Amino acid sequence: MSRRKATTAARSIPRRGVRAGTVAAPRVGFVSLGCPKALVDSERILTQLKVDGYDIVPTYDDADVVVVNTCGFIESAVEESLEAIGEAMAENGKVIVTGCLGARERLIRERHPHVLAVTGPQRYEEVVGAVHRHLPPQHDPYLDLVPPQGVKLTPRHYAYLKISEGCNHRCTFCIIPSMRGDLVSRPVDEVLREAERLVAAGVKELLVISQDTSAYGVDLRYAERSWRNRPYTTSLTGLCSALGELGVWVRLHYVYPYPHVEEIIPLMAEGKILSYLDIPLQHGSPSVLRRMKRPAAAEGTLARIEGWRRICPDLTIRSTFIVGFPGETDREFEELLDFIAAARLDRVGCFTYSPVEGAAANDLVGAVPEEVKEERRGRFMEAQAAISRARLAEKVGRRLQVLVDEVRPDGAGIARSSADAPDIDGVVIIEPHAALRAGQFATVRVTGSSDHDLKGTLAEQGHA
């Protein structure tokens, strides 16, 4: 769609030409907001709409109806979603709303009373049904062809692989369980068949996502399933063992530091999956973590990180933290700074606490003033920048395998190493070279570093 943020979040799919003698397909515009998990939801909805004969178009003017997949995790995301709905209403007028904010239908209709329908998160059938009601499909076998991997909103060479929905935790700052429910894992063979289809379609990197990747399969009692005539448990270890057989990069996101995570570290050391863990630690003070009701203590986490690095010295760990949580004292913030100094994490994001409607943390005493939150965030990021800068400097002179995401007009490459997830981590900037191709692996020699990124020259191309 024309909205800048929307087209960044969800790449448009060009409209197909209409064959002579066929009826023009009904046209749907799509705006996708939010996290990678929401992006996967969008891909599922778009795939079903394509199967049902709809044409997906990139502008409001071309669309017969517009679907807006919203985010509702924090208030700034709520406001962005409401603005996106308003823009779609103003530009098109026929709008169906889905996604996390859809769980708050009253709020949406107070601001935008004339939307056609509102459905909540994971309600794939409901949103497709709403499209059917307001824009009936016209089946045409020539227009309804969909690739086996379905419709993707990411570049061809990487894809998100969602393994579960919902979460069993009740963190006081989070409302995800109230919107998406408790953990519901997909059987391992179903996930692996999807992964196979994606790899067959040219995907070279699979990004495993969920609300709690470490808890994968607990609701299914780690049921055993068969894939490629071999048994695998529906568990993090079973899934990673199988994905490691596909010969592509496998990157794990949203991993909680439970003891059994140690079982997958040897797979990283062996090169079966990427030596990368995205762990949402949120804080380093034990007392703040207790108020957050986080499932892991800071002291145990440091010990586990040390143990993981002994097994896999090249392990990259990224995390996110919250400063200014209700009641956070100067001492607790200093404990957080001590934690990141000891952990020496590679990639870190930091957010100031923002109240979320319906979150239990809203009832906690001791609200931190906004200026204090910002001051602490600045100090945190300054301390982490020094750590990141030092860790990246250690890579200068090394040869790294990278995946090229983009080749600029001047021939320079924008790539990522095993330490870099798309959109959230740094990049490897490669000096111009005629052999660089987007979507291909290459080997680079690292020649420089900064706080977040690396620079290098092409040493050799990898496989296509």
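See the structure shown above.
Everything numeric here is computed off the predicted structure, so don't read it as measured data. (Residues numbered from 1 in each chain as written. Predicted model: local features only at pLDDT ≥ 70, side-chain atom pairs only at ≥ 80, totals over all residues. Heavy atoms only, no water.)

Visitor: Run through the overall build of the chain, naming residues and quoting values.
Guide: Check the secondary structure of the chain and you find 13 helices and 20 strands. A total of 464 residues make up the chain; the buried ones form 56% of that total. Sequence-distant contacts in the chain: of pairs separated by 6 or more residues, those separated by 24 or more amount to 73%. For the chain, the accessible area works out to roughly 19,700 Å², and carbon and sulfur atoms hold 51% of it. (Helix = DSSP H or I, 4+ residues; strand = E, 2+ residues; numbered from the N terminus. Buried < 20%, exposed > 50% of the residue type's maximum accessible area, 1.4 Å probe, protein only. Contact = heavy atoms within 4.5 Å. Areas by Shrake-Rupley, 256 points an atom, 1.4 Å probe, with all protein chains shown as cover.)

Visitor: Which residues make up the packing of aromatic side chains, and what values go with them?
Guide: Tallied over the entire structure, the rule returns 8 aromatic pairs. Between the aromatic rings of Y158 and Y160, the centroid separation amounts to 6.4 Å while the plane-to-plane angle is 85 degrees, which identifies the pairing as edge-to-face. No difference in accessibility class separates Y158 from Y160, as the two residues are buried. Here F173 and F325 contribute two aromatic rings whose centre-to-centre distance is 6.5 Å and whose plane-to-plane angle is 85 degrees, an arrangement assigned as edge-to-face. A residue pair is termed long-range when its members are at least 10 positions apart, and F173 in the loop between β7 (164–165) and α6 (176–180) and F325 in the loop between β14 (316–323) and α12 (330–343) qualify at 152 residues. (Phe/Tyr/Trp six-rings, centres within 6.5 Å; stacked < 30°, edge-to-face > 60°.)

Visitor: With reference to specific residues and values, describe the environment of A88.
Guide: Checked against the element boundaries, A88 lands in helix α3 (residues 75–91). Judged by relative accessible area, which is 0%, A88 ranks as buried. Through-space distance from the C-alpha of A88 to that of Y60 is 7.2 Å; in sequence the pair is 28 residues apart. Residue contacts for A88: discarding those within four places in its chain leaves Y60, V66, V68, G93 and V95.

Visitor: Would you mind going over the side chain of R347 in detail, with residue names and values included?
Guide: Positionally, R347 belongs in strand β15 (residues 347–352). Of note is the side chain of R347, whose polar atom sits 2.7 Å from the backbone oxygen of H452. Sequence-distant contacts of R347, defined by excluding residues within four places in its chain, comprise I317, R318, S319, S388, L392, A419, D420, D425, G426 and H452. (Polar contact = N/O pair within 3.5 Å; in protein donor to acceptor, adjacent residues only side chain to side chain.)

Visitor: How would you summarise the side chain of H157 if you had to cite specific residues and measurements?
Guide: Assignment of secondary structure puts H157 in the loop between α5 (124–134) and β6 (158–162). Overall, the relative accessible area of 7% leaves H157 in the buried class. Ignoring any residue separated from it by four or fewer positions in sequence, one finds H157 in contact with G202, V203, K204, E205, L403, V404, D405 and G439.

Visitor: Can you break down the nonpolar core residue by residue, with the values?
Guide: Counting 52 residues, the largest nonpolar core has L243, L252 and L277 as its most contacted members. In terms of residue count, α12 provides more of this core than any other element does, 6 residues in total. For L252, the residues in contact, after removing those within four places along its chain, are V208, L236, C240, I264, M268, I273, Y276, L277 and D278. (Core = buried A, V, L, I, M, F, W, Y, C linked by side-chain atoms within 4.5 Å.)

Visitor: Which residues make up the packing of α12 against helix α13 (residues 370–393), and what are the values?
Guide: Interhelical geometry of α12 versus α13 gives an angle of 15 degrees and a closest axis separation of 10 Å. Our classification of the angle between α12 and α13 gives roughly parallel. Both α12 and α13 take part in a crossing whose hand is right-handed. Contacts between α12 and α13 involve D330, F333, E334, L336, L337, I340 and A341 on the former and, on the latter, R376, R379, F380, A383, Q384 and I387. Looking at the contact of α12 with α13, its residues break down into 8 nonpolar, 1 polar and 4 charged. (Axes fitted to C-alpha atoms, helices over the stretch in contact; angles between N-to-C directions. Parallel < 35°, antiparallel > 145°, perpendicular 65-115°, else oblique. Left-handed = near helix turned anticlockwise from the far one by under 90°. Nonpolar A, V, L, I, M, F, W, Y, C, P; charged D, E, K, R; others polar.)

Visitor: Please set out unusual backbone geometry residue by residue, giving values where relevant.
Guide: Here Y254, not a glycine, exhibits a phi torsion of approximately 60 degrees, which is positive. At Q282, a residue that is not glycine, the phi angle is positive and equals roughly 75 degrees. Turning to its location among the elements, Q282 is positioned in the loop between β13 (276–278) and α10 (286–292).

Visitor: Which residues make up helix α8 (residues 236–243), and what are the values?
Guide: Since the α-helix packs 3.6 residues into each turn, any two residues three or four apart lie on the same face. Counting buried positions along α8 yields 6 of 8 residues, so the element is predominantly enclosed. Among the residues of α8, those classed as buried are L236, G238, L239, C240, A242 and L243.

Visitor: Quick one: what's the story with the pattern of salt bridges, residue by residue and with numbers?
Guide: Oppositely charged side chains can form a pair if their charged atoms are brought close together. Taken as a whole, this structure holds 30 salt bridges when the rule is applied. We note a salt bridge from E370 to K373, for which the minimum N-O separation is 3.0 Å. With E370 and K373 both in helix α13 and 3 residues apart, the pair spans about one turn of that helix. Residue classification places E370 among the partly exposed positions, given a relative accessible area of 47%. You can call K373 buried: its relative accessible area is 4%. One network of salt bridges, with partners in common, ties together D41, R44, K162 and E165. (Salt bridge = Lys/Arg side-chain N within 4 Å of Asp/Glu carboxyl O.)

Visitor: So what about the sheet that holds strand β3 (residues 65–70)? Which residues, and what values?
Guide: Taking strand neighbours across the sheet as the criterion, the 5 strands line up as β2-β1-β3-β4-β5 in an open arrangement whose pairing is parallel. Whereas interior strands pair on both sides, the edge strands pair on one side only; in this sheet they are β2 (55–57) and β5 (117–118). In this structure, strand β1 (residues 27–32) lies alongside β2, joined through 3 bridges in parallel fashion. Within the sheet, the bridge partner assigned to V28 lies in β2 and is I56. Lying on the sheet, α3 is in contact with β3 and β4 (95–99); it crosses β3 at an angle near 175 degrees. Where α5 meets the sheet, its contacts fall on β1, β3, β4 and β5, and the angle it forms with β4 comes to roughly 175 degrees. (Pairing = 2+ DSSP bridges.)

Visitor: Tell me what's going on with the pairing of strand β9 (residues 205–209), and back it up with residues and numbers.
Guide: Taken across its 5 residues, β9 has 5 buried, putting it largely inside the fold. Every second residue of β9 is oriented toward a common face, with E205, L207 and I209 on one face and L206 and V208 on the other, all of them buried. Where β6 and β9 come together, 5 bridges link them in parallel fashion. Paired with K162 across the strands is I209, a residue of β9. Of the strand pairs in this sheet, β9 and strand β12 (residues 249–252) are connected by 4 bridges, and their pairing is parallel. Residue pairing for β12: E205 is matched across the bridge by W249.

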